[in-house]
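A closer look at the structure
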Amino acid sequence: MHNRRHRKVLRDRTPALRYGAGMFTFAPAEGQTKADLHADMLEAAIALTQDEPDAVANMANLAALMWQFLPDLNWAGFYRMIGGELVLGPFIGKPACIRIPVGRGVCGAAAATGDTQLVPDVHAFPGHIACDAASRSELVVPVTRDGAVIAVIDLDSPLPARFDGDDARGIEALAEAVAFRI
Ligand code: SME
């Protein structure tokens, strides 16, 4: 799967990515701006998923990547649209609710509207679903394919107002880049 071309791309595209001895080593650089961090994470996401057709493998690695690159998270992962409802996908964090109806909670709002949900205070969001009582703020970005929401990316933080417009734009770019790989 990780053929010679893939390894070359990993080496050439970004110095933050190294592949060797069957292992990926990702290293967000010290002191980066948030925009640079997201740009590096996007490149890593593209490189990591480009030769792999398995959606579960790609979502699992993307969850791990977001967890590694973005500080102060307590949950990072995917819900997939299956049979008209959101179903838990690969994630890092505590065990979470498995099925979320479209329109319920922050994830359901993102799925229903197709719009990113940037929630500085989850306690102020009507219908927020508390999978982890530690969560204080949340960012949910829909993943769309041919105009339909096929999944959402959900990030939770124990810090209030952890996410801002840079995070929203960064995760939206990631969602667009991987929409046909998950
Ligand atoms: N808080 C989400 C539920 C998913 S967990 O955060 C992982 C929501 O309100 O939709």
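As shown above, the structure is provided for reference.
Keep in mind the model is a prediction, meaning the values are calculated, not measured. (Residues numbered from 1 in each chain as written. Predicted model: local features only at pLDDT ≥ 70, side-chain atom pairs only at ≥ 80, totals over all residues.)

So, the site of the ligand
Taken together, 15 residues lie near the ligand, and G105, V106, C107, I129 and C131 sit nearest. Elements supplying a minimum of two residues to the shell around the ligand: α4 (105-113) and β8 (148-157). When residues of the shell around the ligand are assigned to their parent elements, the largest contribution, four residues, is made by α4. Looking at the shell around the ligand residue by residue, the class counts come to eight nonpolar, four polar and three charged. (Near = placed C-beta within 6 Å. Helix = DSSP H or I, 4+ residues; strand = E, 2+ residues; numbered from the N terminus. Nonpolar A, V, L, I, M, F, W, Y, C, P; charged D, E, K, R; others polar.)

Re the sheet that holds strand β7 (residues 137-145)
With antiparallel pairing, six strands are arranged side by side in an open sheet as β5-β4-β3-β8-β7-β6. Both edges of this open sheet fall to β5 (99-101) and β6 (117-119), since each of them pairs with a single strand only. Adjacent strand axes in the sheet meet at a mean angle of 25° when their direction is disregarded. In the sheet, β7 pairs with β8 via nine bridges, with the strands oriented antiparallel. (Pairing = 2+ DSSP bridges. Axes fitted to C-alpha atoms, helices over the stretch in contact; angles between N-to-C directions.)

Some words on the nonpolar core
In terms of nonpolar packing, the biggest core is built from 42 residues, with A45, C107, V152, I153 and L155 touching the most fellow members. Contributions of two or more residues to this core are made by α2 (34-49), α3 (55-69), β3 (75-82), β4 (85-93), α4, β7, β8 and α5 (165-178). (Core = buried A, V, L, I, M, F, W, Y, C linked by C-beta atoms within 7 Å. Buried ≥ 20, exposed ≤ 12 C-beta atoms within 10 Å, placed from the backbone.)

Observations regarding unusual backbone geometry
Glycine aside, negative phi is the norm for most residues, and most peptide bonds take the trans geometry. With a phi close to 65°, D72 is a non-glycine residue in the positive phi region. Inspection of the secondary structure assignment puts D72 in the loop between α3 and β3. By the C-beta count within 10 Å, which is 12 here, D72 ends up exposed. Backbone geometry places A161, a non-glycine residue, at a positive phi of 50°. Relative to the helices and strands, A161 is located in the loop between β8 and α5.

Thoughts on the packing of α2 against α5
Two numbers describe how α2 lies on α5: the axes approach to 10 Å, and their chain directions differ by 15°. Compared by their axis directions, α2 and α5 come out roughly parallel. Here the hand of the crossing between α2 and α5 comes out right-handed. Of α5, the residues touching α2 (which contributes K34, A35, H38, M41, L42, A45, I46 and T49) are D166, G170, A173, L174, A177 and V178. Taken together, the residues that form the contact of α2 with α5 break down as nine nonpolar, three polar and two charged. (Parallel < 35°, antiparallel > 145°, perpendicular 65-115°, else oblique. Left-handed = near helix turned anticlockwise from the far one by under 90°. Contact = placed C-beta atoms within 7 Å.)

Quick notes on the environment of A35
Note that A35 resides in helix α2. In this structure A35 comes out as exposed when scored by C-beta crowding, with 12 C-beta atoms within 10 Å. The sequence separation of A35 and G170 amounts to 135 residues, and the corresponding C-alpha distance is 7.4 Å.

Side note on α3
Over its 15 residues, α3 runs 21 Å from end to end, which matches the ideal 21 Å to within 8%, given 1.5 Å per residue. Residues of α3 that are buried: N58, M59, L62, A63, L65, M66 and F69. The buried residues of α3 occupy one face: seen down the axis, they fall within an arc of 160°. (Expected span 1.5 Å × (residues − 1). Arc of directions from axis to C-beta.)

Considering α2
For α2, built from 16 residues, the straight-helix expectation of 22 Å at 1.5 Å per residue is met to within 8% by its first-to-last C-alpha distance of 22 Å. Considered for burial, the residues of α2 that qualify are H38, D40, M41, L42, A44, A45, A47, L48 and T49.

Details of the environment of V149
Assignment of secondary structure puts V149 in strand β8. V149 sits in the partly exposed class, given 19 other C-beta atoms within 10 Å. The sequence separation of V149 and A179 amounts to 30 residues, and the corresponding C-alpha distance is 9.7 Å. Not counting chain neighbours up to four residues away, the residues in contact with V149 comprise M81, A111, G114, P142, V143 and T144.

Just geometry here; none of it tells us what the structure is for.
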